[in-house]
Amino acid sequence: MKQGVVIKSTGSNYLLQSGADRILCKIRGKFRTKEFMTTNPVAVGDIVYFTMQKDEDFGIISKIKERKNFLVRKSTNLSRQTHIIAANIDYAFLMITLIQPKTYLMFVDRWLAACENSNIVPVLLFNKIDLYNAELSKKLESIINMYADIGYKCIKMSVPNNLGIDEVKDTISAKVVVLSGNSGVGKSSLINRLNPDLDLKTGEISEFHEQGKHTTTFAEMFPIAGGFIIDTPGIKGFGLDETIKEHLGDCFIEIKAAAEKCKFNNCTHTHEPECAVKQAVKSGKIHSERYRNYIAILNENDAKYRQDNYL
Ligand code: GDP
Ligand code: ZN
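Calculation rules
Residues numbered from 1 in each chain as written. Chains lettered and ligands numbered in written order. Predicted model: local features only at pLDDT ≥ 70, side-chain atom pairs only at ≥ 80, totals over all residues. Heavy atoms only, no water. Helix = DSSP H or I, 4+ residues; strand = E, 2+ residues; numbered from the N terminus. Buried < 20%, exposed > 50% of the residue type's maximum accessible area, 1.4 Å probe, protein only. Contact = heavy atoms within 4.5 Å. Areas by Shrake-Rupley, 256 points an atom, 1.4 Å probe, with all protein chains shown as cover. Pairing = 2+ DSSP bridges. Right-handed = clockwise from strand over helix to strand, strands pointing away. Donors = N, O, S within 2.8 Å, 3.2 Å for Na, K, Ca; no water. Tetrahedral: all angles 85-135°; square planar, octahedral: opposite > 155°, others 65-115°. Salt bridge = Lys/Arg side-chain N within 4 Å of Asp/Glu carboxyl O.

Peer 1: Looking at this structure, how should I read the overall build of the chain?
Peer 2: Within the chain, the regular secondary structure consists of 10 helices and 13 strands. Sorting the 311 residues of the chain into buried and exposed places 50% on the buried side. Across the chain, contacts joining residues at least 24 apart in sequence account for 64% of those joining residues at least 6 apart. In the form shown here, the chain has an accessible surface area of approximately 15700 Å², with 50% of it arising from carbon and sulfur atoms.

Structural data, given as structure tokens:
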């Protein structure tokens, strides 16, 4: 048996990178992962074992290596089935701009919580800094200070001015990354800068599959800066699953750390007495904006979850 990484899937065929070779593979009818019902048992990023078929130019996948993490979404709003977007992701990049378009910190904090929940390391890319006036630059500094303080890697960038590109390259080196962010923040521009061979039209990454929102779309892995970038068509980010409210405090890492000193070990940091998190917010150790967004997510209703999370 040989080993390879799934770099592209069409639902029934899989393209593998195995050493220097690209190999087409299929799966047998009843192949299913044990953990849960998925519409796609094998996903982009999966490390698989396969055997070439006699007298054929394709292989059969016989086994998937245990995933270190994965991103899922529901295949439809009502379905219990999930679709695995991608597996074995080293970093999730979120591209953020303060103008053109404005990215809301609520969106950033939801996305960070989703990363923590999925066990994926997030990196924040602050793009279009060439457009910022003095006031916005100051605001950017305070936002970066806040996230760096919590422990998140932040990179300031301007794609057309080549600012921050080397740092992004160094971060990617030999890693598998996903790139999220609102439409228009500069994702395709960055990818084109890193790998001109891909020649994506700007706007293509986020808009291309937009009309297929609720149909199954498949991710693809592109070689970039010595590693791989996974393009997730039609998906701006990835969401929080419906059970996350039960452990949302664990998905805000500074809240998780402070919560060790709360009186109750199931403290939600809302109404409970002797809450170390609320004390830390009061003393400024935890940023009040982060705490506000934590509370806001806790109070969101489930319909909003479904709407926002499975785009
Ligand atoms: P995407 O939707 O996230 O893929 O965004 P695009 O890459 O299509 O970029 C949207 C627009 O922003 C395009 O017109 C880009 O040329 C422009 N853009 C991208 N990065 C920057 C930047 O750092 N500074 C400025 N001024 N414009 C940028
Ligand atoms: Zn508490």
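Still more to cover.
Peer 1: Help me out: how do you make sense of the pairing of strand E9 (residues 121-126) in this one?
Peer 2: Sheet faces and side chains relate simply in a regular strand, where the side chains alternate between the two faces. With 5 of its 6 residues buried, E9 lies for the most part within the structure. Alignment of strand E8 (residues 91-96) against E9, held across 6 bridges, turns out to be parallel. Paired with Phe93 across the strands is Val123, a residue of E9. Each parallel crossover has a hand, and for E8 linked through helix H1 (residues 105-118) to E9 it is right-handed. Bridging between E9 and strand E10 (residues 153-156) involves 4 bridges; their strand directions are parallel. Across the sheet, Phe126 pairs through a bridge with Lys156, a residue of E10.

Peer 1: In this structure, what is going on with the coordination of the zinc ion (ligand 2)? I would like to understand it.
Peer 2: When a metal carries six donors in an octahedron, the ideal angles between them are 90 or 180 degrees, while four donors in a tetrahedron ideally lie at 109.5 degrees. Around the zinc ion (ligand 2), the protein contributes the donor atoms Cys262 (SG), Cys267 (SG), His269 (ND1) and Cys275 (SG), at 2.1 to 2.4 Å from the metal centre. If you look at the zinc ion (ligand 2), its 4 donor atoms make angles of 101 to 117 degrees with each other, and the shape they trace is tetrahedral.

Peer 1: Looking at this structure, how should I read unusual backbone geometry?
Peer 2: The phi torsion of most residues other than glycine is negative, and most of the peptide bonds are trans. Note the cis peptide between Gln100 and Pro101, where omega equals -5 degrees. Inspection of the secondary structure puts Pro101 in the loop between E8 and H1. For Asn88, which is not a glycine, the phi torsion comes out positive at approximately 55 degrees. Accessibility expressed as a relative area gives 10% for Asn88, which makes it buried. Although it is not a glycine, His269 adopts a positive phi angle of roughly 60 degrees. Mapped onto the fold, His269 is located in the loop between helix H7 (253-259) and helix H8 (276-282).

Peer 1: What exactly am I supposed to notice about the environment of Ile191 here?
Peer 2: Secondary-structure assignment places Ile191 in helix H4 (residues 187-194). Put simply, Ile191 and Ile224 are 33 residues apart on the chain and 7.9 Å apart in space, counted from C-alpha to C-alpha.

Peer 1: When you look at the pattern of salt bridges in this model, what are you seeing that I'm missing?
Peer 2: Pairing of side chains with opposite charge becomes possible as their charged atoms draw close. Under the criterion given, the structure shown has 8 salt bridges. A salt bridge links Asp90 to Lys68, with the shortest nitrogen-to-oxygen separation between them at 2.6 Å. Here Lys68 lies in the loop between strand E5 (59-64) and strand E6 (70-74) and Asp90 lies in the loop between strand E7 (82-87) and E8, a separation of 22 residues in the sequence. Taking relative accessible area as the criterion, Asp90 reaches 19% and is therefore assigned buried. A relative accessible area of 47% places Lys68 in the partly exposed class. With a closest N to O distance of 2.8 Å, Lys156 and Glu141 form a salt bridge. Taken together, the positions of Lys156 in strand E10 and Glu141 in helix H2 (residues 134-150) put the pair 15 residues apart, joining distant regions of the chain. Judged by relative accessible area, which is 37%, Lys156 ranks as partly exposed. Connected via shared salt-bridge partners are Asp109, Glu254 and Arg290.

Read these as layout, nothing more, since geometry by itself doesn't imply function.
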